[in-house]
Amino acid sequence: MPGPAPTLLPCSRDAEARVADVYARIKDVIPPMEWPGYAPEIDAIRALKRERNAVVLAHNYQAPEIFHGVADIQGDSLALARQAADCDADVLVVAGVHFMAETAKLVNPDKTVLIPDLRAGCSLAESITAEDVRALRAAHPGVPVVTYVNTSAAVKAESDICCTSGNAVAVVESLGVPRVIVLPDGYLAHHVARNTAVEVIPWTGTCEVHARFTGAEVETFRARFPSLTVLAHPECPPDVLDAADHVGSTAQMIAYVRRERPERVFLVTECSMSDNIAAELPDVAFVKPCTVCPHMKRITLPRIRHALEMLAPRVELDPDIAERARRPVERMLAVG
Ligand code: 13P
Ligand code: SF4
């Protein structure tokens, strides 16, 4: 278990001056009253990254002070996995959840991979065990197992290939088979089944954040804001996806907003997504009946600093599980 939350660094006008470039980027989404608390942390993390030859990989759901303040690599699960594989730093700090840090370790077995809070889990990763996968295989002999990256390394080790929300359909189609098992997210499996001719056998996991949205909620906002563009993550229930204008991974949603510049947009996903893009695109209006992922929010600036100071908590994997889990991840990365 992690120790008590690290004490905040004292406010410092010198630190604020050194990181003024960051505040210029996020001033529209971080109130001025909050900034003196963040600035010394960002300043200290920048210095520690240089000292440790470290990079911070931040998922799109990280709070703006992390995403815009200290991240060297930002993206969805697929981008983080790809860029972790290409990384030449000695230390990788994953500002995301535990399965993302495990994936970074799988593709960088000789590097130090840190997760600032070991409790940063995921309801999907919790929904299935390696034993469940073995039972599914026994029930469907010969059917390949396509495993969402939101799973433990032990579950990946039982799988044929991994996928993310950004490439699930392409991964399934790359196998050239009539039936696949897609686990653990039942809604993602449903989305894949609707976008390919391949028969999909699902598991019953759900994301506690996306499963809360409803199609009725989307329609209420459409009625209130007729020009609204709705983008939804494939972990949402089918009625939400039916009500959306576009379905995609977090990175695909960001790309859509950058490209199309909708006047007003509802991102049916975790709250920080809207803040992170709003910082970059102040002309786009975001309606925000979003939901917070409590696991993502365990990662804070003081915990990132503390991880870099202590070089802990580290992600370590059982060598046998790591060897078997690496193959489906690398196979996914080769799909392109
Ligand atoms: P993305 O791969 O789309 O970023 O999704 C990861 C995730 O955890 C969504 O809840
Ligand atoms: Fe897991 Fe959902 Fe949080 Fe993503 S948003 S990390 S799927 S619980």
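Computed from a predicted structure; not experimentally measured.

Criteria and cut-off values
Residues numbered from 1 in each chain as written. Chains lettered and ligands numbered in written order. Predicted model: local features only at pLDDT ≥ 70, side-chain atom pairs only at ≥ 80, totals over all residues. Heavy atoms only, no water. Helix = DSSP H or I, 4+ residues; strand = E, 2+ residues; numbered from the N terminus. Expected span 1.5 Å × (residues − 1). Buried < 20%, exposed > 50% of the residue type's maximum accessible area, 1.4 Å probe, protein only. Contact = heavy atoms within 4.5 Å. UniProt positions renumbered as here; feature names shortened; annotations may be inferred. 1 Å grid on protein atoms, 1.4 Å probe; cavity = no way out; pocket = protein on both sides within 12 Å on 5 of 7 lines; lining within 4 Å. Near = heavy atom within 4 Å. Sits in = over half its atoms within 2 Å of the grid points. Nonpolar A, V, L, I, M, F, W, Y, C, P; charged D, E, K, R; others polar. Phe/Tyr/Trp six-rings, centres within 6.5 Å; stacked < 30°, edge-to-face > 60°. Pairing = 2+ DSSP bridges. Axes fitted to C-alpha atoms, helices over the stretch in contact; angles between N-to-C directions. Core = buried A, V, L, I, M, F, W, Y, C linked by side-chain atoms within 4.5 Å.

**Here's the deal with helix 3 (residues 35-52)**
Thinking step 1. With 18 residues, helix 3 should cover 26 Å at 1.5 Å per step; its first-to-last C-alpha distance of 26 Å lies within 8% of that length.
Thinking step 2. For helix 3, the full list of buried residues reads W35, A39, P40, E41, I42, D43, I45, L48 and K49.
Thinking step 3. Contact partners of the buried residues in helix 3: helix 1 (13-18), helix 2 (20-26), strand 1 (54-59), helix 4 (64-67) and helix 16 (301-310).

**Side note on the UniProt feature "binding site: [4Fe-4S] cluster" (unreviewed entry) in the protein chain**
Thinking step 1. Within this structure's numbering, the places UniProt gives as "binding site: [4Fe-4S] cluster" (unreviewed entry) are C122, C207 and C293. Spanning 172 residues, the annotated positions come together in the fold, the maximum distance between their C-alpha atoms being 9.4 Å. Lining of the largest cavity among the annotated residues: C122, C207 and C293.
Thinking step 2. Relative to the helices and strands, C207 resides in the loop between strand 8 (199-202) and helix 12 (215-224).
Thinking step 3. Residues contacting C207, with those up to four places away along its chain left out, are S123, L124 and E235.

**Some words on the site of ligand 2**
Thinking step 1. Near ligand 2 you find Y61, V97, C122, S123, L124, N150, C207, V209, E235, C293 and H295, and these make up its full shell.
Thinking step 2. Structurally, ligand 2 is housed in the largest cavity.
Thinking step 3. Split into classes, the residues belonging to the shell around ligand 2 amount to 7 nonpolar, 3 polar and 1 charged.

**Overview of the packing of aromatic side chains**
Thinking step 1. One pass over the structure, following the stated rule, counts 2 aromatic pairs.
Thinking step 2. Where F221 meets F266, the ring centres are 5.5 Å apart and the plane angle is 55°; that geometry is what we call tilted. Here F221, found in helix 12, pairs with F266, found in strand 11 (residues 264-268); they are 45 residues apart in sequence, far enough to count as distant.
Thinking step 3. Residue classification places F266 among the buried residues on the basis of a relative accessible area of 0%.

**As for the UniProt feature "binding site: iminosuccinate" (unreviewed entry) in the protein chain**
Thinking step 1. UniProt feature "binding site: iminosuccinate" (unreviewed entry): in the numbering of this structure it lies at H59, S77, Y148, V149, N150, S165, H233, P234, E235 and T250. Cross-referencing the annotated residues with the lining of the largest cavity gives H59, S77, Y148, N150, S165, H233, E235 and T250.
Thinking step 2. As for its position among the elements, S77 is in helix 5 (residues 77-85).
Thinking step 3. Apart from the residues within four sequence positions on either side, S77 is in contact with H59, F99, M100, V149, N150 and T164.
Thinking step 4. Along the polypeptide, P234 turns up in the loop between strand 9 (228-232) and helix 13 (238-243).
Thinking step 5. Residue classification places P234 among the buried residues on the basis of a relative accessible area of 1%.
Thinking step 6. For P234, the residues in contact, after removing those within four places along its chain, are S165, Y187, L188, H191, L241, V247, G248 and S249.

**Here we look at the sheet that holds strand 12 (residues 285-287)**
Thinking step 1. Pairing is parallel in the open sheet, where 4 strands are placed in the order 10-9-11-12. Among the strands making up the open sheet, the edge pair consists of strand 10 (246-247) and strand 12.
Thinking step 2. Strands in contact with helix 14 (residues 250-260) are strand 9, strand 10, strand 11 and strand 12; relative to strand 9, the strand with the most contacts, it is inclined by about 155°.

**A look at the nonpolar core**
Thinking step 1. Within the largest apolar cluster, 95 residues are counted, with the highest numbers of intra-cluster contacts made by W35, L92, V146, V257, L267 and I304.
Thinking step 2. If one sorts the elements of this core by residue count, helix 6 (residues 98-107) sits on top with 6 residues.
Thinking step 3. The residues contacting L267, other than those within four sequence positions of it, are L231, M253, V257, M273, S274, I277 and F286.
Thinking step 4. Core analysis: the second largest hydrophobic core is formed by 14 residues, V218, L228, V230 and A232 among them.

**What to know about the sheet that holds strand 4 (residues 112-114)**
Thinking step 1. What the 4 strands build is an open sheet, ordered 2-1-3-4; its pairing is parallel. Looking at which strands have only one partner, the edges of the open sheet turn out to be strand 2 (73-75) and strand 4. Between one strand and the next, the sheet's axes are offset by a mean angle of 20°, whatever the strand orientation.
Thinking step 2. Lying over the sheet, helix 5 contacts strand 1, strand 2 and strand 3 (91-95), oriented at roughly 150° with respect to strand 2.

**With respect to unusual backbone geometry**
Thinking step 1. Cis geometry is adopted by the peptide bond preceding P184, which originates at L183 and carries an omega value of 0°.
Thinking step 2. By the secondary structure assignment, P184 is in the loop between strand 7 (179-183) and helix 11 (186-194).
Thinking step 3. Its identity as a non-glycine residue notwithstanding, N53 has a phi of 50°, on the positive side.
Thinking step 4. Relative to the helices and strands, N53 is located in the loop between helix 3 and strand 1.
Thinking step 5. For N53, a relative accessible area of 36% gives the class partly exposed.

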